[in-house]
Protein chains: 2
Amino acid sequence: MANLTSHIHCQNCSMAALCLPYQLDQEGMNRLDTIIQRHKPLHKRDVLVNAGAPLKYLYAVRSGSLKSYTIDDNGVEQIIDFHLPGDLVGFDALAEGQHRSYSQALETTMLCEVPIVSLDELVIEMPSLRKQMMRLMSSEIFSSKQLLGTLNNRSAHQRLAHFLVTLSDRFKARGLSSTSFRLTMTRADIGNYLGLSVETISRILSALQGEGVIDVQNKLVNIIEPARLRELAH
Amino acid sequence: MANLTSHIHCQNCSMAALCLPYQLDQEGMNRLDTIIQRHKPLHKRDVLVNAGAPLKYLYAVRSGSLKSYTIDDNGVEQIIDFHLPGDLVGFDALAEGQHRSYSQALETTMLCEVPIVSLDELVIEMPSLRKQMMRLMSSEIFSSKQLLGTLNNRSAHQRLAHFLVTLSDRFKARGLSSTSFRLTMTRADIGNYLGLSVETISRILSALQGEGVIDVQNKLVNIIEPARLRELAH
DNA sequence: ATGATTTCCTGATTTAGATCAACATCCCTA
DNA sequence: TAGGGATGTTGATCTAAATCAGGAAATCAT
């Protein structure tokens, strides 16, 4: 374990395939490396960005997880996204140059920070980086619209099943287990995100366990019948 | 009325401020003009793009309106967006290079078509065009996530009020009346989009009319008390 | 124009999920 | 390691919106 460099290298990052470096050649990675900085680790509940703050960096999650949320006129938190390793935080801020949501760590979380000004310059010279940025944004547009439809017209059972399936798929894409993972967010967070009450989340998790589809021990989820769960999500 | 040119000019387009040309100088507009083509007008119910079709053009709505929707495994249509003049159709396709939703005209609709390959080239040389693309995509990301939250935790009344307020704001941004407009989509479309039944949409429109907040004559909506409606949307 | 079909409205009934309530368990902090 | 707030579970009740049902109006095709 000689790799104790103080700087991050996209080359060694297991999330590179999902993140900005995707399809970059060696030289491209090096150039990206020169602008990327390491952010000090966040602890659970630490806030990474505040809504309204000027956009200075785009953040890439190296490990851990965050939730993004807005706070409405009545002071009510509204979760709009959960971020896993490889995800980028801050796309919604590009339009106005300032963040439009809060992002808070759900557990100890490591991040790369990409200065927007440097990224802007790099994007001019590197078509594949530009492509990847577009790709990531485009995916985010589709998935959030898709989700809207999915949630809107589905029952509580289907919503939660869909949520678990989506998490499972995302973990899989990150080389992690698709059948066994930890819910780093609370039941209340899940309910808030899915538009359901905490009680409903609890009840449905219990019900799914009763049916033998999943096994839940507190935060730990084991998907016993992935196909069945996927079916329930419709 | 001498302007019978067969080609479109961004300079004269009333939607330019919302669309790709935003913040482009004269020369920029000219260059954009050289690649933009006019699409033949769509009639009501004409389908502009099919899900799965390769992405060749980004479309800008000149006049009229469209709905975008996916069709799930059970053949059920799920509306994910309504497009008004100035809006761009096709951002969700950039990631995979193929459209991920269907887009269908809700009325007679005029479009500009922007070849992706040419746009790709132009974007390299024109930082302000690139910025605007990013800006538009970023806005779309935020607004769809925001909408998700908004709809998820709100009552049917709030959802529909929010829908009307959003439409009103969008018409206003386009230089059209914010208080008097036509719903080009059916009640079923609205219900599908908001996750409510047709009957509920009908009932709430009647109720809002009863309370004197709006006046509805078939497709025509008159917002009598905009402040009150905004309040109802929370 | 005229019938046919789609769209829209209103009432009656049912139900999924919210809310209220009470308790159990977890996990911080001192 | 004990105590206390946060988090999670389960049950009972209530309610908003879905569903079912029947017409009325608008729109389309001939």
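Residue indices follow the written sequence of each chain, beginning from 1 at its first position. Written order determines the labels here, with chains lettered from A and ligands numbered from 1. Where totals are concerned, whole chains, interfaces and linings use all residues; where local detail is concerned, this predicted model gives features only for residues with pLDDT of at least 70, and gives and counts side-chain atom pairs only at 80 or more. Side-chain descriptors were evaluated using all non-hydrogen atoms of the structure, hydrogens and water having been removed beforehand.

Looking at the protein's contact with DNA strand D
- Around DNA strand D there are 19 residues in total, and Ser 202, Arg 203 and Ser 206 of chain A together with Ala 156 and Thr 200 of chain B lie nearest to it.
- Throughout, the term near means that a residue has one or more heavy atoms lying within 4 Å of the molecule or strand in question. Looking at DNA strand D alone, sugar and phosphate atoms form 64% of those within 4 Å of the protein.
- Polar contact is defined as a pair of N or O atoms within 3.5 Å, subject to the rule that within protein one atom must be able to donate a hydrogen and the other to accept it, and that residues adjacent in sequence are counted only when both atoms are side-chain atoms. Take Glu 199 of chain B: an N or O atom from its side chain is 3.1 Å from a base nitrogen of DNA strand D.
- Per the convention used, a helix needs a DSSP run of H or I reaching at least four residues, while a strand needs a run of E reaching at least two, with both numbered from the N terminus. Broken down by secondary-structure element, the contributors of at least two residues to the surface near DNA strand D are helix H5 (187-194) and helix H6 (198-210) of chain A together with helix H6 (198-210) of chain B.
- At 4 residues, the largest contribution of residues to the surface near DNA strand D is made by H6 of chain A.
- Residue type decides the class: Asp, Glu, Lys and Arg count as charged, Ala, Val, Leu, Ile, Met, Phe, Trp, Tyr, Cys and Pro as nonpolar, and the leftover types, Gly among them, as polar. Counted by class, the surface near DNA strand D contains 3 nonpolar, 8 polar and 8 charged residues.

Details of the protein's contact with DNA strand C
- Contacts to DNA strand C come from 19 residues, most closely from Ala 156 and Thr 200 of chain A together with Arg 187, Ser 202 and Ser 206 of chain B.
- Close to the protein, within 4 Å, the atoms of DNA strand C are drawn from sugar and phosphate at a rate of 64%.
- Between DNA strand C and the protein, one listed contact pairs a phosphate oxygen with a side-chain N or O atom of Thr 200 of chain A at 2.3 Å.
- A distance of 2.7 Å is found between a phosphate oxygen of DNA strand C and a backbone nitrogen or oxygen belonging to Arg 187 of chain B.
- When contributions to the surface near DNA strand C are tallied by element, the ones reaching two or more residues are H6 of chain A together with helix H5 (187-194) and H6 of chain B.
- Here the element with the most residues in the surface near DNA strand C is H6 of chain B; it accounts for 4 residues.
- Along the lines of polarity and charge, the residues of the surface near DNA strand C split into 3 nonpolar, 8 polar and 8 charged.

Side note on the relation of the copies chain B and chain A
- The fit set for superposing copies consists of C-alpha atoms from residues with pLDDT of at least 70 in both; the fit itself is least squares. Of the transformation superimposing chain B on chain A, the axial component is 0.0 Å and the angular component is 180°, with the fit at an RMSD of 0.0 Å. Such a turn and shift between the copies fits a two-fold axis.
- Most of the interface of chain B is mirrored in chain A, where 98% of its interface residues again form contacts. The contact criterion used is simple: two residues touch if any of their non-hydrogen atoms lie within 4.5 Å.

Focus: the interface of chain B and chain A
- Each partner contributes residues to the interface: chain B has 45 residues there, and chain A has 44 residues.
- Put simply, buried area is how much 1.4 Å-probe accessible surface two parts lose in total, over both of them, once they are put together. When chain B packs against chain A, close to 3900 Å² is buried across both sides, 59% of that on carbon and sulfur atoms.
- Salt-bridge detection follows one rule: a side-chain nitrogen of Lys or Arg within 4 Å of a carboxyl oxygen of Asp or Glu. Here Glu 140 of chain A makes a salt bridge to Lys 145 of chain B, at a shortest N to O gap of 2.6 Å.
- In terms of residue count, the dominant contributor to the side of chain B that touches chain A is helix H3 (residues 127-152) of chain B (19 residues).
- In terms of residue class, the side of chain B that touches chain A is made up of 18 nonpolar, 14 polar and 13 charged.

Section: the domain arrangement of chain A
Residue and element names in this part refer to chain A.
- Delimitation of the domains relies on an automatic or database domain assignment. One can read the domain layout of chain A as domain 1 (10-149) and domain 2 (154-233).
- When the two sides are added together, the surface that domain 1 and domain 2 hide from each other amounts to roughly 1400 Å², 56% of it contributed by carbon and sulfur.
- Of all residues in domain 1, Phe 82, Leu 84 and Leu 147 bury the most surface against domain 2, accounting for 39% of the area lost on that side.
- Linking domain 1 to domain 2 there are 4 salt bridges.
- When the shortest N-O distance is used, the salt bridge between Arg 170 and Asp 87 registers 2.6 Å.
- Along the contact surface separating domain 1 from domain 2 lie 8 residue pairs in polar contact (both at pLDDT 80 or more).
- Taken together, the elements giving at least two residues each to the side of domain 1 that touches domain 2 come down to strand E5 (77-83) and helix H3 (127-152).
- Per-element accounting of the side of domain 1 that touches domain 2 gives the leading share, 7 residues, to E5.

A closer look at the sheet that holds strand E11 (residues 220-223) of chain A
Residue and element names in this part refer to chain A.
- When DSSP finds at least two bridges between two strands, those strands are taken to pair. Pairing in this open sheet of 3 strands is antiparallel, and the strands run E9-E11-E10 from one edge to the other. Looking at the sheet topology across the chains shown, the edges are occupied by strand E9 (180-182) and strand E10 (214-217). The mean inter-strand angle of the sheet, taken between neighbouring strand axes irrespective of direction, is 15°.
- Here 4 bridges tie E10 to E11, and the two strands are oriented antiparallel to one another. Bridged to Val 216 within E11 is Val 221. For helices, the fitted line uses only the C-alpha atoms of the stretch in contact; every axis is such a line through C-alpha atoms, and the angle between N-to-C directions lies from 0 to 180 degrees.

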